[in-house]
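Chain and residue survey
Below are the chains, spelled out letter by letter.
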Amino acid sequence: MLDAVAAVAVPVNLAFLWRPQLRDPNDDMVLETAINAGASVVVTFNLRDFRGPADRFGIGICLPRDALAEWEDRR
């Protein structure tokens, strides 16, 4: 799975810093990257911490199992 992600990954330059948004600074880096990349969703087990801040930027949040199920449906 990680090889597949790495094969299609695109580097993201952080044009804007949006910290702090979340309780964990490591989570802030994930959200910040998603914002700068124009991501539509962040896939995480940490729904509770991401939900509010991601919503403010129009970014959806989902569990890995849900993202995988959606990906499989598209195949």
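Look a little higher up for the structure.
Structural notes, computed from the coordinates.

Calculation rules
- Residues numbered from 1 in each chain as written.
- Predicted model: local features only at pLDDT ≥ 70, side-chain atom pairs only at ≥ 80, totals over all residues.
- Heavy atoms only, no water.
- Helix = DSSP H or I, 4+ residues; strand = E, 2+ residues; numbered from the N terminus.
- Buried < 20%, exposed > 50% of the residue type's maximum accessible area, 1.4 Å probe, protein only.
- Contact = heavy atoms within 4.5 Å.
- Areas by Shrake-Rupley, 256 points an atom, 1.4 Å probe, with all protein chains shown as cover.
- Lys, Arg positive; Asp, Glu negative; His and termini not counted.
- Charge placed at Lys NZ, Arg CZ, Asp CG, Glu CD.
- Core = buried A, V, L, I, M, F, W, Y, C linked by side-chain atoms within 4.5 Å.
- Salt bridge = Lys/Arg side-chain N within 4 Å of Asp/Glu carboxyl O.
- 1 Å grid on protein atoms, 1.4 Å probe; cavity = no way out; pocket = protein on both sides within 12 Å on 5 of 7 lines; lining within 4 Å.
- Points joined across faces, edges and corners; volume = space filled by probe spheres on them.
- Nonpolar A, V, L, I, M, F, W, Y, C, P; charged D, E, K, R; others polar.

Next up on the list: the overall build of the protein chain. Check the secondary structure of the protein chain and you find four helices and two strands. Taken over the C-alpha atoms alone, the protein chain extends approximately 35 × 25 × 20 Å along its principal axes. Expressed as a percentage of the 75 residues in the protein chain, the buried residues total 25%. The long-range fraction of contacts in the protein chain, counting pairs at least 24 apart against all pairs at least 6 apart in sequence, stands at 21%. By element, 57% of the accessible surface of the protein chain is carried by carbon and sulfur atoms, the whole surface being about 5,700 Å². Measuring between centres, the 8 positive side-chain charges of the protein chain sit 4 Å from its 11 negative side-chain charges.

On to the nonpolar core, then. L22, L31, A34, I35, V42, L47, F50, A54, I59, I61 and L63 together form the largest nonpolar core, which totals eleven residues. Only α2 (25–37) and α3 (47–56) provide two or more residues apiece to this core.

Moving on, we get to the pattern of salt bridges. Inspection of every chain in the model, using the stated rule, returns four salt bridges. Across the pair D49 and R23 runs a salt bridge, and its minimum N-O distance is 2.5 Å. Of this pair, D49 sits in helix α3 while R23 is found in the loop between α1 (2–8) and α2, placing the two residues 26 residues apart along the sequence. By relative accessible area, D49 is classed as buried at 17%. When the shortest N-O distance is used, the salt bridge between E70 and R74 registers 2.5 Å. Taken together, the residues span about one helical turn, with E70 and R74 both in helix α4 (residues 64–74) at a distance of four residues. Taking relative accessible area as the criterion, E70 reaches 43% and is therefore assigned partly exposed. On the basis of relative accessibility, which here comes to 68%, the residue R74 falls in the exposed class.

Rolled over the atoms, a probe with the dimensions of a water molecule shows which regions are left empty. The computed volume of the largest pocket comes to approximately 790 Å³. M1, V5, V41, V43 and A67 are the residues nearest the centre of the largest pocket, which is lined by 18 residues in total. Each residue belonging to the lining of the largest pocket can be placed in one class, and the counts come to 15 nonpolar, one polar and two charged.

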